[in-house]
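Residue-level listing of the chains:
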Amino acid sequence: MSKILVLYYSSYGHLAKMADAVAEGARSTGAQVDVRRVAETAPAEVVQAAGFIADQSHPVLDDVNELANYDGIIVGSPTRYGRVSSQMASFWDKAGGLWFQGKLNGKVGGAFTSTASQHGGQETTLFSIITNLLHFGLTIVGLDYGFQGQGGVDEVKGGSPYGATTIAGADGSRLPSDVELEGARYQGRRIAEVANKLAA
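Owing to the predicted nature of the structure, the values given are computational and were not obtained by experimental measurement.

**What about helix α6 (residues 178-199)?**
Here is step 1 of the chain: Taking 1.5 Å of rise per residue, 22 residues should cover 32 Å, and α6 covers 31 Å from first to last C-alpha, within 8% of that figure.
Here is step 2 of the chain: For α6, the full list of buried residues reads E180, L181, G183, A184, Y186, Q187, G188, I191, A192, A195 and N196.

**Some points on the UniProt feature "domain: Flavodoxin-like" (unreviewed entry) in the protein**
Here is step 1 of the chain: As recorded in UniProt, the feature "domain: Flavodoxin-like" (unreviewed entry) lies at residues 4-191.
Here is step 2 of the chain: Helix and strand shares over residues 4-191 are 34% and 17% respectively, and the end C-alpha atoms of the span are 9 Å apart.

**Topic: the pairing of strand β3 (residues 72-78)**
Here is step 1 of the chain: Among the seven residues of β3, seven are classified as buried, and the element is accordingly described as predominantly covered.
Here is step 2 of the chain: Burial along β3 is two-sided: the residues G72, I74, G76 and P78 and I73, V75 and S77 are all buried.
Here is step 3 of the chain: Relative to β3, strand β1 (residues 3-8) runs parallel, the two being bridged by five bridges. Bridge pairing in β3 links V6 to I74.
Here is step 4 of the chain: Here β3 runs beside strand β4 (residues 108-115); their pairing, made up of seven bridges, is parallel. When the bridges of β4 are listed, V75 appears paired with A111.

**Focus on the UniProt feature "binding site: FMN" (unreviewed entry) in the protein**
Here is step 1 of the chain: When the UniProt feature table is mapped onto this chain, "binding site: FMN" (unreviewed entry) is found at S10, S11, Y12, G13, H14, L15, T79, R80, Y81 and H135. The greatest C-alpha distance among the annotated residues, which extend across 126 residues, is 28.9 Å, indicating that they are dispersed rather than converging on a single site. Those annotated residues from the list above that line the second largest pocket are S10, S11, Y12, G13, H14, L15, T79 and R80.
Here is step 2 of the chain: If you trace the backbone, T79 turns up in the loop between β3 and α3 (86-93).
Here is step 3 of the chain: Assessed through its relative accessible area of 11%, T79 is described here as buried.
Here is step 4 of the chain: Once residues lying within four places of it in the same chain are set aside, the contact partners of T79 are T113, S114, T115, G120, G121, Q122 and T125.
Here is step 5 of the chain: A polar contact is formed between the side chain of T79 and the side chain of T113, at a distance of 3.3 Å.
Here is step 6 of the chain: Mapped onto the elements of the fold, H135 is located in helix α5 (residues 122-135).

Scoring rules and cut-offs
Residues numbered from 1 in each chain as written. Predicted model: local features only at pLDDT ≥ 70, side-chain atom pairs only at ≥ 80, totals over all residues. Heavy atoms only, no water. Helix = DSSP H or I, 4+ residues; strand = E, 2+ residues; numbered from the N terminus. Expected span 1.5 Å × (residues − 1). Buried < 20%, exposed > 50% of the residue type's maximum accessible area, 1.4 Å probe, protein only. UniProt positions renumbered as here; feature names shortened; annotations may be inferred. Pairing = 2+ DSSP bridges. 1 Å grid on protein atoms, 1.4 Å probe; cavity = no way out; pocket = protein on both sides within 12 Å on 5 of 7 lines; lining within 4 Å. Contact = heavy atoms within 4.5 Å. Polar contact = N/O pair within 3.5 Å; in protein donor to acceptor, adjacent residues only side chain to side chain.

Here it is, written out as structure tokens:
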């Protein structure tokens, strides 16, 4: 079976919950799954003023070289003005050596995100993550329409064929819904299924 990394950054806990759901889906295939977060890079006064939640739910991944140990890498970042967060971008910016050596070529990847509003740039953020992963040589698996929960207009919900998403609300009070978490599980499972086949 494959070894999967779920790597995320979360300011208010929404992406941590989504990461757990992605990992749950991946584990359902028999894959070995590690959940890690990237370090906080915002100054302490910004963190305090913005009310960021100190995320202690998963250990920090400091060494970018560890990425090469995985068959699949699933990246979650909140949207920052329609793109990946600076914390996540900073982590990947340190991985030039892996890119140069082609250490991630042929691995499987995917993306998930969160925004405050329904139209807050989820798809552009997913694309910014996916673009990064493609440059590192990963094969991308999105949230295909086999997950029918992302269809319909019966409730406000995230979800995109490019990756699982959630909507946090302007004040961050809305937590990922059951449908959004199920989408994250589905995507995690699909990525691990592909990684399992390639690893075999």
